[in-house]
Amino acid sequence: LYGTAGGGGHGCTRGCGIVFKLTPQGTRYVETILWNFRSGLDGSGPESGVTFDAAGDLFGTTNFGGNGGCDGYGCGTVYELTPSSSGYSERVLWAFGGIGDGYYPLSNVVIGRHGTLYGTTWAGTVGAGNIWELVPNGSAYAERVLWNFTPWTGDGGDPRGDLIADAQHRIYGMTYIGGADGV
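Let me begin by describing the structure that accompanies this report. Please read all numbers here as calculations on a predicted model, not as lab measurements.

**A few points about the overall build of the chain**
For step 1, the next point in the chain: Across its full length, the chain carries zero helices and 14 strands.
For step 2, the next point in the chain: Reading the helices (α) and strands (β) of the chain from amino to carboxyl end gives β-β-β-β-β-β-β-β-β-β-β-β-β-β.
For step 3, the next point in the chain: What you see for the chain is a C-alpha radius of gyration of 16 Å, in line with the 16 Å of a compact globule of 183 residues.
For step 4, the next point in the chain: A total of 183 residues make up the chain; the buried ones form 43% of that total.
For step 5, the next point in the chain: In the chain, of all internal contacts separated by at least 6 residues, the share reaching a separation of at least 24 is 36%.
For step 6, the next point in the chain: For the chain, the separation between the mean place of its 9 positive charges and that of its 16 negative charges on side chains is 6 Å.

Below you can see the structure in the form of structure tokens.
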């Protein structure tokens, strides 16, 4: 079993969060910490699960970190953890900058065609969150906002929870507020 914890680990007041693995051992599980977030550029506060690619790399998001914007805690990151014989190494694929591209990502990462990554932010251009994609561009990524939620028009807002993709690469998710009746 693989997962994240928004606190614990090293740094920050109560820890910046971890990525962990639970391995069955008899009738119990043994925990292995794969990554300790340190805040700052590397991110902190992961709140969603991780996604594996075909090579065994793990992808996820942190709610904070990446830069000094968003109240000084950073606007969040998209990260990749690559396994090696000495553990895992982290690469921040995207650091959110705030209003223009969203901030505070809470969803998992969905991997689409050609390595394109998808996810959501809790707050976005109009303040109600968005759906984003990161397209591989050489060794970097280019971000594009696919949808800005506007709950007062009935499409919802504050996307939380994980995304899923079907066989046709359509993405599905949910929002915490909004909908046809605006509640």
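Picking up where we left off.
**Observations regarding the layout of surface pockets**
For step 1, the next point in the chain: Counted as a void, the largest pocket has a volume near 160 Å³.
For step 2, the next point in the chain: Considering the residues around the largest pocket, the lining is formed by Gly7, Cys12, Thr13, Arg14, Gly15, Ser39, Ser44, Phe64, Gly72 and Tyr73.
For step 3, the next point in the chain: Residue classes in the lining of the largest pocket are distributed as three nonpolar, six polar and one charged.

**A closer look at unusual backbone geometry**
For step 1, the next point in the chain: The phi dihedral of Tyr104 falls on the positive side, at around 65°, and the residue is not glycine.
For step 2, the next point in the chain: By the secondary structure assignment, Tyr104 is in strand 8 (residues 103–105).

**As for the side chain of Thr51**
For step 1, the next point in the chain: Looking at where Thr51 falls in the secondary structure, it is placed in strand 4 (residues 51–52).
For step 2, the next point in the chain: Classification of Thr51 as buried rests on a relative accessible area of 17%.
For step 3, the next point in the chain: A polar atom in the side chain of Thr51 sits 2.5 Å from the backbone oxygen of Val109.
For step 4, the next point in the chain: Thr51 has contacts with Asp57, Leu58, Phe59, Asn108, Val109 and Ile111, leaving out every residue within four places of it along the chain.

**A look at the sheet that holds strand 5 (residues 58–62)**
For step 1, the next point in the chain: Read across the open sheet, the four strands follow the order 4-5-6-7; overall the sheet is antiparallel. Every interior strand has two partners, whereas the edge strands, strand 4 and strand 7 (87–95), have only one.
For step 2, the next point in the chain: Two strands pair when backbone bridges link them, and strand 6 (residues 77–84) and strand 7 are joined in this way by eight bridges, in the antiparallel orientation. Bridge pairing in strand 7 links Ser84 to Gly87.

**Focus: the sheet that holds strand 2 (residues 18–25)**
Pairing between sheet strands relies on hydrogen bonds along the backbone, with the strands arranged either parallel or antiparallel.
For step 1, the next point in the chain: Here three strands make up an open sheet; going across it, the order is 1-2-3 and the pairing antiparallel. The open sheet has two edge strands, strand 1 (2–5) and strand 3 (28–36), and neither has a second partner. Averaged over all neighbouring strand pairs, the angle between strand axes comes to 35°, with direction disregarded.
For step 2, the next point in the chain: Two elements, strand 2 and strand 3, share eight bridges in a ladder whose sense is antiparallel. In the strand pairing of strand 3, Pro24 is matched with Tyr29.

**Some points on the side chain of Thr116**
For step 1, the next point in the chain: For Thr116, the position within the fold is in the loop between strand 9 (110–111) and strand 10 (117–123).
For step 2, the next point in the chain: Once residues within four sequence positions are removed from consideration, Thr116 is found in contact with Val110, Ile111, Glu133, Leu134, Val135 and Pro136.

**Focus: the pairing of strand 2**
For step 1, the next point in the chain: Across four bridges, the pairing between strand 1 and strand 2 is antiparallel. The residue bridging Gly3 from the neighbouring strand is Phe20, located in strand 2.

**A short note on the pattern of salt bridges**
For step 1, the next point in the chain: With the rule as written, the count across this model stands at four salt bridges.
For step 2, the next point in the chain: With a shortest N-O distance of 3.0 Å, Arg160 and Asp158 are connected by a salt bridge.
For step 3, the next point in the chain: Taking relative accessible area as the criterion, Asp158 reaches 9% and is therefore assigned buried.
For step 4, the next point in the chain: Between Arg170 and Asp166 there is a salt bridge; the shortest N-O distance is 2.7 Å.

Rules of the game
- Residues numbered from 1 in each chain as written.
- Predicted model: local features only at pLDDT ≥ 70, side-chain atom pairs only at ≥ 80, totals over all residues.
- Heavy atoms only, no water.
- Helix = DSSP H or I, 4+ residues; strand = E, 2+ residues; numbered from the N terminus.
- Rg over C-alpha atoms; globule rule 2.2 N^0.38 Å.
- Buried < 20%, exposed > 50% of the residue type's maximum accessible area, 1.4 Å probe, protein only.
- Contact = heavy atoms within 4.5 Å.
- Lys, Arg positive; Asp, Glu negative; His and termini not counted.
- Charge placed at Lys NZ, Arg CZ, Asp CG, Glu CD.
- 1 Å grid on protein atoms, 1.4 Å probe; cavity = no way out; pocket = protein on both sides within 12 Å on 5 of 7 lines; lining within 4 Å.
- Points joined across faces, edges and corners; volume = space filled by probe spheres on them.
- Nonpolar A, V, L, I, M, F, W, Y, C, P; charged D, E, K, R; others polar.
- Polar contact = N/O pair within 3.5 Å; in protein donor to acceptor, adjacent residues only side chain to side chain.
- Pairing = 2+ DSSP bridges.
- Axes fitted to C-alpha atoms, helices over the stretch in contact; angles between N-to-C directions.
- Salt bridge = Lys/Arg side-chain N within 4 Å of Asp/Glu carboxyl O.

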